Amino acid sequence: MNWPAFICGNLIVLLTAIILVHRRGLSPVETVLAVFTLAAGQIVFTMLLSGTLLHLTTVTLLVVNLILLSAAVPLRRLFPASDRLRRPRLEPDWGSNFWSRLLLFLVLLEIVWLIFLGYLFPPYAWDSLYYHLTAAATWLQAGRIVLSPYTLWANVYPMNTELVFAWNMLLAGSDLLVDLTQLPFALAGGMAVYALGRATGLRQTNSAVAACLFLLTPIVLVQSKTCYVDVAFAGMFLVAFFFAYRYYHEPRRIYLLLAALASGLTFGIKASAAPYVAVIFLFIIAGNLAVRKADNRHCRQGVLLSTVVFAGALLIWGSFWYLRNWLAYGNPLFPFTFKILGYTLWPGQGSITDMIMVKNTPPELVGLPAWRQLLVSWRETVGPYTFDQRLGGFGPQWLYLEGPAVLVTAVLAAIRRQRPLLLLLVPLILLFWLQPSRWWTRYTIFIVAAGAISLAYLEERLPRFWAKPLRTATLCLVLISMAGSLTHGYFNPQVIARFLALPPEGRTFFQLTPWGDELAWVEKVPAGSRIAFTETAFPYLLFGPRLENRIKLIIAASEGDMLAQLKAWNAEYFFTTTTSLYYRWAQNNPQFLRPFFAYGDYIAYEVIK
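Residues numbered from 1 in each chain as written. Predicted model: local features only at pLDDT ≥ 70, side-chain atom pairs only at ≥ 80, totals over all residues. Heavy atoms only, no water.

Enquirer: What is the right way to look at the nonpolar core in this model?
Expert: Side chains that are nonpolar tend, in soluble globular proteins, to be buried together. Counting residues in each nonpolar core, the largest one holds 193 residues, and the members touching the most others are Phe-121, Trp-139, Phe-237, Phe-243, Phe-446, Leu-519 and Trp-521. Ranked by the residues each element gives to this core, the list is headed by helix α11 (residues 230–249), at 16 residues. Residue contacts for Phe-237: discarding those within four places in its chain leaves Thr-266, Tyr-276, Ile-280, Leu-428, Leu-431 and Phe-446. Formed by 17 residues, the second largest nonpolar core is a distinct cluster that contains Leu-566, Phe-574, Tyr-605 and Val-607. (Core = buried A, V, L, I, M, F, W, Y, C linked by side-chain atoms within 4.5 Å. Buried < 20%, exposed > 50% of the residue type's maximum accessible area, 1.4 Å probe, protein only. Helix = DSSP H or I, 4+ residues; strand = E, 2+ residues; numbered from the N terminus. Contact = heavy atoms within 4.5 Å.)

Enquirer: Quick question: what am I supposed to make of helix α19 (residues 419–434) here?
Expert: Since the α-helix turns once every 3.6 residues, residues separated by three or four places project in the same direction. Taking 1.5 Å of rise per residue, 16 residues should cover 22 Å, and α19 covers 22 Å from first to last C-alpha, within 8% of that figure. Of the positions making up α19, those classed as buried are Leu-421, Leu-424, Leu-425, Pro-427, Leu-428, Leu-431 and Phe-432. Down the axis of α19, the smallest arc covering the buried residues is 165 degrees, so these residues share one side. Exposed side chains of α19 directed beyond 90 degrees from the buried face belong to Arg-419, Leu-430 and Leu-434. The secondary structure elements touched by the buried residues of α19 are α8 (182–199), α11, α13 (274–290), α17 (370–378), α18 (396–415) and α20 (447–461). (Expected span 1.5 Å × (residues − 1). Arc of directions from axis to C-beta.)

Enquirer: How should the environment of Gly-342 be read in this particular structure?
Expert: Mapping Gly-342 onto the fold places it in the loop between β1 (338–340) and β2 (343–346). Of the residues examined, Gly-342 reaches a relative accessible area of 66% and is grouped as exposed. Taking C-alpha positions, Gly-342 is 53 Å from Trp-466, a pair spaced 124 residues apart along the chain.

Enquirer: Got a minute to help me understand helix α25 (residues 559–569) in this structure?
Expert: Taken together, the buried positions of α25 are Met-562, Leu-563, Gln-565, Leu-566 and Trp-569. Around the axis of α25, the buried residues are gathered within 160 degrees of arc, so they sit on the same side. Opposite the buried face of α25, at more than 90 degrees from it, the exposed residues are Lys-567 and Ala-568. As for α25, its buried residues are in contact with β3 (530–533), β4 (550–553), β5 (573–577), α26 (581–587) and β6 (593–599).

Enquirer: What should I look at first to understand the state of the cysteines in this one?
Expert: A covalent bond bridging the sulfur atoms of two cysteines is what the word disulfide describes. Per the stated rule, a full pass over the model turns up 0 disulfides. Note on Cys-212: no disulfide assigned, nearest cysteine sulfur contributed by Cys-476 at a separation of 16 Å. Overall, Cys-212 belongs to the buried group, its relative accessible area being 2%. (Disulfide = S-S within 2.5 Å.)

Enquirer: Help me out: how do you make sense of the packing of helix α5 (residues 126–142) against helix α7 (residues 160–172) in this one?
Expert: For any two helices packed against each other, the geometry comes down to the angle between their axes and how far apart the axes lie. In the contact formed by α5 and α7, the axes pass within 9 Å of each other and the chain directions differ by 55 degrees. Between α5 and α7, the angle falls in the class oblique. α7 is crossed by α5, and the crossing has right-handed handedness. Between α5 and α7, the contacting residues are His-132, Leu-133, Ala-136, Trp-139 and Leu-140 on the first element and Glu-162, Leu-163, Phe-165, Ala-166, Met-169 and Leu-170 on the second. The class makeup of the residues in the contact of α5 with α7 is 9 nonpolar, 1 polar and 1 charged. (Axes fitted to C-alpha atoms, helices over the stretch in contact; angles between N-to-C directions. Parallel < 35°, antiparallel > 145°, perpendicular 65-115°, else oblique. Left-handed = near helix turned anticlockwise from the far one by under 90°. Nonpolar A, V, L, I, M, F, W, Y, C, P; charged D, E, K, R; others polar.)

Enquirer: Explain the pattern of salt bridges here, please?
Expert: Taken as a whole, this structure holds 11 salt bridges when the rule is applied. As a salt-bridge pair, Asp-388 and Arg-390 come within 2.9 Å of each other at their nearest N and O atoms. The class for Asp-388 is buried, based on a relative accessible area of 15%. Judged by its relative accessible area of 28%, Arg-390 is partly exposed. Ionic pairing is found between Arg-461 and Glu-460, a salt bridge with its closest N-O pair at 3.2 Å. Shared partners join several salt bridges into a network, and the residues in it are Asp-230, Lys-270, Asp-388, Arg-390 and Arg-442. (Salt bridge = Lys/Arg side-chain N within 4 Å of Asp/Glu carboxyl O.)

Enquirer: Sorry, what's going on with the side chain of Asn-168 here?
Expert: Assignment of secondary structure puts Asn-168 in helix α7. Not counting residues up to four positions away in its chain, the partners in contact with Asn-168 are Phe-6, Ser-174 and Thr-181.

Enquirer: Could you clarify how one ought to interpret the packing of aromatic side chains in this entry?
Expert: Aromatic ring pairs are defined here through the distance separating the ring centres and the angle between the ring planes. Taken as a whole and assessed by the stated rule, the structure comprises 55 aromatic pairs. Ring centres of Tyr-276 and Phe-446 lie 5.3 Å apart, and the angle between their planes is 90 degrees; this geometry places the pair in the edge-to-face category. With a gap of 170 residues between them, Tyr-276 in helix α13 and Phe-446 in the loop between α19 and α20 connect regions that are remote in the sequence. You'll find Tyr-276 and Phe-446 in the same group, each marked buried. (Phe/Tyr/Trp six-rings, centres within 6.5 Å; stacked < 30°, edge-to-face > 60°.)

Put into structure tokens, the structure is as follows:
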């Protein structure tokens, strides 16, 4: 672990962001969210710059970010500082509100627990090993952002989060902490929930309760220790949504810039971001139109400027992956077919529904109407929870309290004409309903923000006689869901004790092996080995935890072609399946390929020089 480079790189980015937001008239929570947004934007920008125009190395990244740090001071002077300093002030009810302090304590415990698990255990999640980390490893070994030859899915999705994975791995020199990359996004999402609660009129304590409820959601807790992107997407969207929401009520340039930047980052995390970004853009346009200016021409100029800024942020921080797909495959959304009114604009391999949703729909949901699918999924509250929860994931607090609270609060807000609350709930509810797989909770994490704020809103306004049992019920349900989230489905006490007894270098994926036993031989080969393979579901594991191995995918038309490729590449190990032609060809050449390891339908050979 290269601690000096890892700490220096992240400190440089944070310091640059702090310089840029200092004295901007932001509240403390807004300042933290602004620093997070600028830091994430700088990481993505410098990774894209180094990976396309320069060279993706630790030295290059540090130098580029030092240049940006040195430019932050003169750049800051181009924008006038604000005289409105908002000092943090705690409201008096913090001292008597044991409920909110208890939830904050539980969140702190969970953060410590997640950091402990992230340090102790290597990356393990299925899609992480299949394509998320495979993409990052490919870039780092090539020193460029290139197409990965190992799996199509490592190329076709927007990959801003994978850039942050690669940032952490490159600076750290290993994947020791890469599994915690989503945790800052989860915390930012929680802070955005707090800020939204304050913006809608909740007290500090109840806004903190809403943030805690968001962070203590099982799918958020479990996924925050994986190299997936769903928590990062939800967290970044909620940050963008908050700044756009603030811009609507107070059209300040700083809110516009931060909303645009966060939207660009969101757009580059998932291809499904289009409707989310559209909602944020509508808030920004509405904010301009809502300003009552005597000079209508000035108002029109504001709309034009906001549009240019927003489009520029999407172009710089979000469009790279779509443009790359367009150039490589002729379709910015490849491999999915894109149709408009029945006309195929960009052909692909099939629709998202056919390629992803249908294949992953649990049998219990097949053929059910949408509302029944939701009900079946939400009532599945039995732990332990996993990172790719197909049924459930929001915990019993959502089913019994937060979900109903959204409906009750929306109705009350409409009756009482509470516009700020409606402007928060209605867009989130509509976005949720537009999601094609609403039952799949990891795709709809953002809606928990609406439930958490709604429940805190009701608790704040109910008489004490009703509020106290509501708090007790919420706490009990949260504790139940936390119990199901502690082990993450794989890290039971016996496994944790075994890993604690291992030396740090021995805590590999193959000591955990929730799957992928066919690759257990990889940790037995010398570091820096050259491994050729024909098929595996987990290409990332072939690289090794410090990306020390070189790997190559073999695609051969004949026995002679296979042998020629192995010799030309100077392969030391060859991995294939016993059901393939490659196995038959390898068996014909025992003088060149000696069996080294076998498991199920997989076999590894040592290449004899």
